[in-house]
Amino acid sequence: MTEQSTAASPTRPRTRKAVIPAAGLGTRFLPATKAMPKEMLPVVDRPAIEYVVAEAVSAGLGDVLMITGRNKRALEDHFDRHPALEQVLEAKGDTKRIDLIRASDLVGDIHYVRQGEALGLGHAVGCARRHVGDEPFAVLLGDDLIGEDEGLLARMIDVQHRLGGSVIALMEVPEDAVSAYGVAAVAPVDGEDDDVVAVTSLVEKPARGDAPSNLAIIGRYVLAPQVFEVLERTAPGRGGEIQLTDALQTLAAGEGEGFGVHAVVFRGRRYDTGDKLGYLQAVVELGVRHPELGGDLREWLKGFAAGL
Ligand code: G1P
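Residues numbered from 1 in each chain as written. Predicted model: local features only at pLDDT ≥ 70, side-chain atom pairs only at ≥ 80, totals over all residues. Heavy atoms only, no water.

1. Considering the packing of helix α4 (residues 83–91) against helix α5 (residues 95–103)
Next, step 1: Between α4 and α5, the least distance of the axes is 9 Å, while the angle of their chain directions is 160°. It follows from the interaxial angle that α4 and α5 lie roughly antiparallel. The two elements α4 and α5 meet at a crossing, and its hand is left-handed. Mapping the contact onto sequence places L85, E86, L89 and E90 in α4 and R97, I98, I101 and R102 in α5.
Next, step 2: Each residue belonging to the contact of α4 with α5 can be placed in one class, and the counts come to four nonpolar, no polar and four charged. (Axes fitted to C-alpha atoms, helices over the stretch in contact; angles between N-to-C directions. Helix = DSSP H or I, 4+ residues; strand = E, 2+ residues; numbered from the N terminus. Parallel < 35°, antiparallel > 145°, perpendicular 65-115°, else oblique. Left-handed = near helix turned anticlockwise from the far one by under 90°. Contact = heavy atoms within 4.5 Å. Nonpolar A, V, L, I, M, F, W, Y, C, P; charged D, E, K, R; others polar.)

2. Quick look at the pattern of salt bridges
Next, step 1: For the coordinates displayed, the defined rule picks out 25 salt bridges.
Next, step 2: One salt bridge connects E55 with R220, and the closest N-O pair in it is separated by 2.7 Å. Remark: R220 occurs in strand β11 (residues 215–223) and E55 occurs in helix α2 (residues 48–58); sequence separation between them is 165 residues. Both residues of the pair, E55 and R220, belong to the buried class.
Next, step 3: D193 serves as the salt-bridge partner of R155, at 3.9 Å between the closest nitrogen and oxygen. (Salt bridge = Lys/Arg side-chain N within 4 Å of Asp/Glu carboxyl O. Buried < 20%, exposed > 50% of the residue type's maximum accessible area, 1.4 Å probe, protein only.)

3. Regarding the packing of aromatic side chains
Next, step 1: The final tally for this structure, using the stated rule, is three aromatic pairs.
Next, step 2: Ring centres 5.2 Å apart and planes at 90° place the aromatic pair F29 and Y279 in the edge-to-face group. Here F29 is found in the loop between β1 (17–21) and β2 (42–43), whereas its partner Y279 is found in helix α11 (residues 276–289), with 250 residues between them in sequence. For the pair F29 and Y279, one class covers both residues: buried. (Phe/Tyr/Trp six-rings, centres within 6.5 Å; stacked < 30°, edge-to-face > 60°.)

4. So, the site of the ligand
Next, step 1: Surrounding the ligand, one finds L121, L141, D144, Y181, G182, E204, K205, I217, Q243, T245 and R270.
Next, step 2: Note that an oxygen atom of the ligand is positioned 3.0 Å from one of the backbone N or O atoms of G182.
Next, step 3: Residue T245 places a side-chain N or O atom 3.2 Å away from an oxygen atom belonging to the ligand.
Next, step 4: Protein contact buries 78% of the 380 Å² of open area that the ligand shows by itself.
Next, step 5: Across the shell around the ligand, the residue classes tally to four nonpolar, three polar and four charged. (Near = heavy atom within 4 Å. Polar contact = N/O pair within 3.5 Å; in protein donor to acceptor, adjacent residues only side chain to side chain. Areas by Shrake-Rupley, 256 points an atom, 1.4 Å probe, with all protein chains shown as cover.)

5. Let's talk about the pairing of strand β6 (residues 137–140)
Next, step 1: Of the two faces of β6, the one carrying F137 and V139 and the one carrying A138 and L140 are both buried.
Next, step 2: In this sheet, β6 lies alongside β1 in parallel orientation, the contact comprising three bridges. Pairing of A18 across the sheet is with A138, part of β6.
Next, step 3: Here four bridges tie β6 to β11, and the two strands are oriented antiparallel to one another. Pairing of L140 across the sheet is with R220, part of β11. (Pairing = 2+ DSSP bridges.)

6. Observations concerning the side chain of D63
Next, step 1: With respect to the element layout, D63 can be found in strand β4 (residues 63–68).
Next, step 2: Of the side chains with opposite charge, K17 comes closest to the buried, unpaired D63, at an N-O distance of 4.7 Å.
Next, step 3: A polar side-chain atom of D63 sits 2.8 Å from a polar atom in the side chain of H131.
Next, step 4: With residues near it in sequence (within four places) discarded, D63 still touches R16, K17, A18, D109, H111 and H131. (Lys, Arg positive; Asp, Glu negative; His and termini not counted.)

7. A closer look at the confidence of the model for the protein
Next, step 1: Confidence along the protein averages 91 in pLDDT terms, with 95% of residues attaining 70 or more.
Next, step 2: Across residues 1–6, confidence stays below pLDDT 50; counting only partners more than four residues off in sequence or on other chains, it has 16 contacts. (pLDDT = per-residue confidence, 0-100.)

8. Describing the environment of V186
Next, step 1: Following the sequence through the fold, V186 ends up in strand β9 (residues 182–188).
Next, step 2: Judged by its relative accessible area of 33%, V186 falls in the partly exposed class.
Next, step 3: Separated by 13 residues in sequence, V186 and V199 have C-alpha atoms that sit 4.5 Å apart.
Next, step 4: What V186 contacts, discounting residues up to four positions off in sequence, is L170, V197, A198, V199, T200 and L215.

Encoded structure:
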């Protein structure tokens, strides 16, 4: 590790802003996503994106920038007031439902910028440059739901504040799954718990035999602002798209202010709601954990599973 990336800096700014890329077409989830943004698919009783925004806010990131695109108006409507609906509920004295619909517009300070062309995740993150400015920021991919009690993002923010550079989240996946992810080669870091490692190289969606490990990048990042410069210089990679993984590889391989990449190896609950099976698993597990529905769903599931 370079000296600069391990030296604690009392002046290093703390991460305050979250960026949520939400411009994707949701092709893995067609036909459900033909006319509806994939971020709006309900997981139990809330759209998937609400869990992600709530995670950012509970990690202390009250400033959220969504990178949206065509057909994403439902997202802006969801995080806005709905006075007509509130009036109807008020007339009925239904304060419980008023609280539910108000929860999504009280979550934080949400901003939007549009990615005019679908040029890749790296390009989407680059669209946040003006809003983010010169400070570290988090990126949360809307497809990944992380158990809300896991504290992954807060841990990553803490690691970034102590070590500088950028921090990604890694998770062990089966070998036949590596080609769906960015994959990292890592090394231990002296003085850190064993869930914190240094990233020595990264490759986006490698063929099974070419993967440097089975540690896959999952959709949480805390990035140094230097990533913006690097993204501008990053040529289209895998799939002809500008890949965030390729920019992180440049940051991992280079030296200087803002360079260096660490990872938090996550062993908790994560669901890929952009995938049909992952989505169903999220609905079942979060349904069972739901304070009101959980008991009944659990009972029903036991009987249902016994009959399979
Ligand atoms: C993106 C990233 C990939 C990462 C994955 C996590 O891929 O490019 O490196 O492993 O998210 O979900 P996508 O799933 O958008 O194809």
